[in-house]
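# Close look at the chain arrangement
Residue-level listing of the chains:
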Amino acid sequence: MNIRKIGIVLTVGMGVAVQAFSQYSWKRLPEIASPVFKKDTFNITSYGAVPDGITLNTAAINNAITACSRKGGGVVLVPEGLWLTGPLVMQSNVNLHLKSAATLLFTPDKSQYALVEGLYEGRSAARNQSPVSGNDLHDIAITGKGVIDGNGDVWRAVGKGQLTESEWKKKVASGGVLGKNGNEWYPSVQYKTAKEEGMSMLLQPGKPLQEYAVMKDFLRPNLVALNNCKRVLLEGVTFQNSAAWCLHPSLCEDLTLRDLLIKNPAYAQNGDGADIESCRNFLVEDCVFDVGDDAICIKSGKDEEGRRRGKPTENGIVRNSIVYKAHGGFVIGSEMSGGARNIFVYNCTFVGTDKGLRFKSTRGRGGVVEKIYAKNIFMKDIVEEAVFFDLYYFVKFATDSQRDERPQVNEGTPVFRDMEFENIVCNGAKKAIFIRGLPEMPVKNIRIRNSVFKTTIGKELTDADSIVLDNVRLDAQVPRDTSFAIWSTFQKQRLKFPFIKIASPVAPGNLKQAMDVPFREAGGRSLLLDVFYSKEKQRKPAVLLIFGGGWHSGDKTHNHAMAVELVKRGYVAVSAEYRLSLFYLLPAKSFQNSKVNIYPAYEEALPASLQTGLMVFDRDRELEFSLVEDAS
């Protein structure tokens, strides 16, 4: 006989569980098409490129890319060496391939980067030309084992508190200027002026692009910007040291990011790893991220402009990836005005990120985020929340327009709903689950199943509807009183009675156990129970064992010896922990309003609230515990 199911459900709010919301499922994942290239090879040295780290190779490499595309496509080969270059423009049917020990280092000379009409957080803005860019292309790739370095330190500001003392002294000595209080370093006076005067990079009707030249140094470029491209592959390469976002594909279809290392310093503001914006059919797999902002981030435009575009990021897979330093491991928002849906995230590890699964937006954004599925997500040493939803997330920038912040439902109201997370394991975080919706639009229909969170605080839910925690253990670090545990009591009593021993009955050979099963979240952590039963066909009822001594500690281990003896006699024994003065006035309160019923054995010894029955029955020689709430 074995345990067929122990159904222990923690339910917050009312409503039905999350259903199958999509034509996609774990058995039918989205499919992503890949580009195919001719084998013809165009070596950049044939076009005059020199790998000495001094010669500027912009023209040579771009000429090789153009020639490759015009002749029907193929591979543009970057051999071993340090190749200094300015901006490169991708062309259709081209695979830019970096050999091992090949580095494309982008020049610190900002005059090499033209002012262009680009995007900033989903809105039309003046930007410096990206080191690698492409518009309206098909069948493009950047592959190999080399490095693409954006030389981002020459573009970005940094605060004194983000560096060590020696690093700060080195930064100040390198040039640039300090801010008014002396605690902020800017790469130039122009940058400082634009920042302190709150200049906006957003494109304005009737304002020509050249008028933004007064703030050129402030317009940090994304390292790779690919817009409206089809069948895109980035594979094997290290992308690092971006001035702003590292990888920014927007409005792309059939996008694959595979086996990439994406690195940015921890102090790199807007130093995101991959920002996938309004893309359809995408795959991120076997990648490693160590960045200064969000790692894997889903976006779809900002506010009215994003809603007008109306292009969700959809039909995506994120798997087998590792995130180290980042503001969030897997993130949606906050610029998600076009929505996001049908995204599957699995087999990922987050180590030391600020947050794990991070969802963020605010009034005025609009957009619907739904049908997001995650499983097998393993987290360690998360700084803040493991699972995070916040619809009050807003950081004021000069590029922000007026938003309707009235608490009413309109086109600017963000909607987050219909998500399922399973086997989320977190060892170390400030808080396990944080959900803060809007009074007029709660976060709703979120199911978390079969998960374990070891954190300081269990959960915090505000304006959240139909949040289902199914077999979720919240092991918050609430101090446990062991003053009346078996071992401590034994140590005290054997001073008076040296002949005593701790009862340790011999367990029968058919004994089975289910240990540390969560049955209720209370006081910031899960209360647990242990189930002892026999492999043999069960006929006798289950007995709930509650230890009666100790005002602080209801330690379930007190009952293990008695539980073994009951199993020998054909019973099922359930030993549950509870808290008295720490959490509840009486043991009964630990079970009241939880999804647990206890079989009416020894009725005279149990409070009335516990006499409603732990339903134990046989079904094809399998034992099932149906732990459901008492209707009375």
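The structure displayed is predicted, hence computed values, not measured ones.

As a further point, take the overall build of the chain. Assigned secondary structure in the chain consists of seven helices and 44 strands. Across the 632 residues that make up the chain, the buried fraction comes to 53%. In the chain, 74% of the contacts between residues at least 6 apart in sequence involve partners at least 24 apart. Of the roughly 26500 Å² of accessible surface on the chain, a fraction of 51% belongs to carbon and sulfur atoms.

What follows is about the pairing of strand β36 (residues 443-455). Bridge count for strand β34 (residues 415-427) against β36 is eight bridges, and the pairing is parallel. Bridge pairing in β36 places glutamate 420 opposite arginine 447. Two elements, β36 and strand β38 (residues 464-476), share eleven bridges in a ladder whose sense is parallel. Bridge pairing in β38 places isoleucine 446 opposite isoleucine 467.

On to the environment of proline 541. Structurally, the position occupied by proline 541 is in the loop between β40 (525-534) and β41 (542-545). When its relative accessible area of 21% is taken as the criterion, proline 541 is described as partly exposed. A sequence separation of 31 residues divides proline 541 from valine 572, and the C-alpha atoms of the two residues are 6.3 Å apart.

The terminal C-alpha atoms of helix α1 (residues 58-70) lie 18 Å apart, and with 13 residues this matches the ideal 18 Å at 1.5 Å per residue to within 8%. When we look at burial in α1, the residues that qualify are Thr58, Ala60, Ile61, Asn62, Ala64, Ile65, Ala67, Cys68 and Ser69. Those residues of α1 hidden inside the fold are in contact with β3 (41-43), β4 (74-78), β5 (81-85), β6 (88-89), β7 (94-98) and β8 (102-106). A positive phi of about 100° marks glycine 72, the residue just after α1.

We now examine the nonpolar core. Formed by 96 residues in total, the largest nonpolar core has its most connected members in Phe330, Phe421 and Phe453. Ranked by residue count, the leading element in this core is β34, at six residues. Excluding its chain neighbours within four sequence positions, the residues that come into contact with phenylalanine 453 are Ala386, Val387, Ile424, Cys426, Ala432, Ile433, Ile448, Val472, Arg473, Leu474 and Asp475. Among the nonpolar cores identified, the runner-up in size contains 14 residues, and Ala194, Met201, Leu202 and Met215 belong to it.

Take helix α6 (residues 560-568) next. Within α6 the residues assigned to the buried category are His560, Ala563, Val564, Leu566 and Val567. End-on, the buried residues of α6 take up no more than an arc of 160°, which puts them together on one face.

The next thing to look at is unusual backbone geometry. Here the residue pair glycine 333 and serine 334 is connected by a cis peptide bond, since its omega of 0° sits within 30 degrees of zero. With respect to the helices and strands, the residue serine 334 is situated in the loop between β29 (328-332) and β30 (340-351). A positive phi is found at asparagine 320, a non-glycine position, where the angle reads about 55°. Counting through the fold element by element, asparagine 320 comes out in the loop between β27 (313-319) and β28 (322-323). Residue classification places asparagine 320 among the partly exposed residues on the basis of a relative accessible area of 33%. Despite not being glycine, lysine 371 shows a phi value in the positive range, around 55°. Its place among the elements puts lysine 371 in strand β32 (residues 368-380). Accessibility expressed as a relative area gives 16% for lysine 371, which makes it buried.

Taken in spatial order, the eleven strands of this open sheet run β6-β11-β17-β20-β23-β26-β29-β31-β33-β35-β37, and their pairing is parallel. For this open sheet the edge positions go to β6 and β37 (457-462), each flanked by a neighbour on one side alone. Of the strand pairs in this sheet, strand β20 (residues 247-250) and strand β23 (residues 274-277) are connected by two bridges, and their pairing is parallel. By the bridge assignment for β23, leucine 247 is matched with alanine 274.

This brings us to the packing of aromatic side chains. All told, the structure shown has twelve aromatic pairs when counted by the stated rule. Geometrically, the ring pair formed by tyrosine 191 and phenylalanine 218 is edge-to-face, given 5.0 Å between the ring centres and 75° between the ring planes. Taken as a pair, tyrosine 191 in helix α3 (residues 189-196) and phenylalanine 218 in the loop between α3 and β17 (224-227) lie far apart in primary sequence, 27 residues in all. We note that tyrosine 191, like phenylalanine 218, is buried. Ring geometry for phenylalanine 388 versus phenylalanine 434: centroids 5.4 Å apart, planes at 15°, classification stacked. Within this pair, whereas phenylalanine 388 is found in strand β33 (residues 385-390), its partner phenylalanine 434 is found in strand β35 (residues 431-436), the two being separated by 46 residues in sequence. Taken together, the aromatic side chains of Trp26, Phe344, Tyr346 and Tyr373 make up a single cluster linked through ring pairs. Stacked on the ring of tryptophan 155, the Lys or Arg lysine 110 has its end atom at 5.2 Å from the ring centre. Lying over the aromatic face of tryptophan 185, lysine 171 brings its terminal NZ or CZ to 4.6 Å of the ring centre.

What follows is about the sheet that holds strand β16 (residues 184-186). Overall, antiparallel pairing links the three strands, which are arranged β14-β16-β15 in an open sheet. The open sheet has two edge strands with one neighbour each: β14 (158-159) and β15 (177-178). Summarising the sheet, β15 and β16 pair through two bridges and their orientation is antiparallel. In the strand pairing of β16, valine 177 is matched with tyrosine 186. Sitting on the sheet, helix α2 (residues 165-173) is in contact with β14, β15 and β16, with an inclination near 35° to β16. The strands touched by α3 within the sheet are β15 and β16, with β16 carrying the most contacts at an inclination of about 125°.

Moving on to the layout of surface pockets. Its volume calculated, the second largest pocket comes out at about 330 Å³. Mapped by element, the contributors of at least two residues to the lining of the second largest pocket are β9 (115-120), β10 (123-128), β11 (132-135), β17 and β20. Broken down by element, the residue count for the lining of the second largest pocket peaks at four residues, all from β9. When the residues that make up the lining of the second largest pocket are grouped by side-chain class, the tally is five nonpolar, eleven polar and two charged.

Moving on to the pattern of salt bridges. Counting across every chain of the model gives 33 salt bridges. As a salt-bridge pair, aspartate 303 and arginine 365 come within 2.7 Å of each other at their nearest N and O atoms. Residue aspartate 303 is found in helix α4 (residues 303-309), and its partner arginine 365 is found in the loop between β31 (355-360) and β32; the two are separated by 62 residues along the sequence. For aspartate 303, a relative accessible area of 4% translates into the label buried. Relative accessible area serves as the criterion here: at 3%, arginine 365 is assigned to the buried category. Where aspartate 530 meets lysine 556, a salt bridge forms, and the shortest distance between an N and an O atom there is 2.9 Å. Of this pair, aspartate 530 sits in strand β40 while lysine 556 is found in the loop between β41 and α6, placing the two residues 26 residues apart along the sequence. Overall, the relative accessible area of 10% leaves lysine 556 in the buried class.

Definitions and cut-offs
- Residue numbers run consecutively from 1 along every chain, following the written order of its sequence.
- Reporting of local features is limited, given that this is a predicted model, to residues whose pLDDT is at least 70; pairs of side-chain atoms are given and counted only at 80 or more, and all residues count toward the totals for whole chains, interfaces and linings.
- To get the side-chain values, take all heavy atoms of the structure and skip hydrogens and water.
- A run of DSSP states H or I qualifies as a helix once it reaches four residues; a run of E qualifies as a strand once it reaches two. Both are numbered from the N-terminal end.
- Three exposure classes are used, based on accessible area relative to the maximum for each residue type with a 1.4 Å probe and protein chains only: buried under 20%, partly exposed in between, and exposed over 50%.
- Whether two residues are in contact is decided by their heavy atoms, any of which lying within 4.5 Å being enough.
- Note that accessible areas follow from Shrake-Rupley with a 1.4 Å probe, and for residues the cover is restricted to the protein chains shown.
- Pairing between strands requires that DSSP locate at least two bridges from one strand to the other.
- Working rule for helices: expected span equals 1.5 Å times residues minus one.
- Definition used in this section: a nonpolar core is a set of buried Ala, Val, Leu, Ile, Met, Phe, Trp, Tyr and Cys residues joined via side-chain atoms within 4.5 Å.
- Think of the arc as the fan of directions from the helix axis to the C-beta atoms.
- Only Phe, Tyr and Trp rings take part, Trp by its six-membered ring, and two of them pair if their centres are within 6.5 Å. Stacked means planes under 30 degrees apart, edge-to-face means over 60, and tilted covers everything else.
- The rule for a charge over a ring is simple: NZ of Lys or CZ of Arg within 6 Å of the ring centre, and within 35 degrees of the ring normal.
- Interaxial angles span 0 to 180 degrees and are taken between N-to-C directions of axes, which are lines fitted to C-alpha atoms, for helices over the stretch in contact.
- Grid points spaced at 1 Å and placed over the protein atoms alone form the basis of the search, with a cavity being a set where a 1.4 Å probe fits but cannot get out and a pocket an open set showing protein on both sides within 12 Å along at least five of seven lines. Lining residues have an atom within 4 Å of a point.
- Grid points are joined across faces, edges and corners, and a volume is the space filled by probe spheres set on the points.
- Residue type decides the class: Asp, Glu, Lys and Arg count as charged, Ala, Val, Leu, Ile, Met, Phe, Trp, Tyr, Cys and Pro as nonpolar, and the leftover types, Gly among them, as polar.
- Salt bridge, as used here, is a side-chain nitrogen of Lys or Arg placed within 4 Å of a carboxyl oxygen of Asp or Glu.

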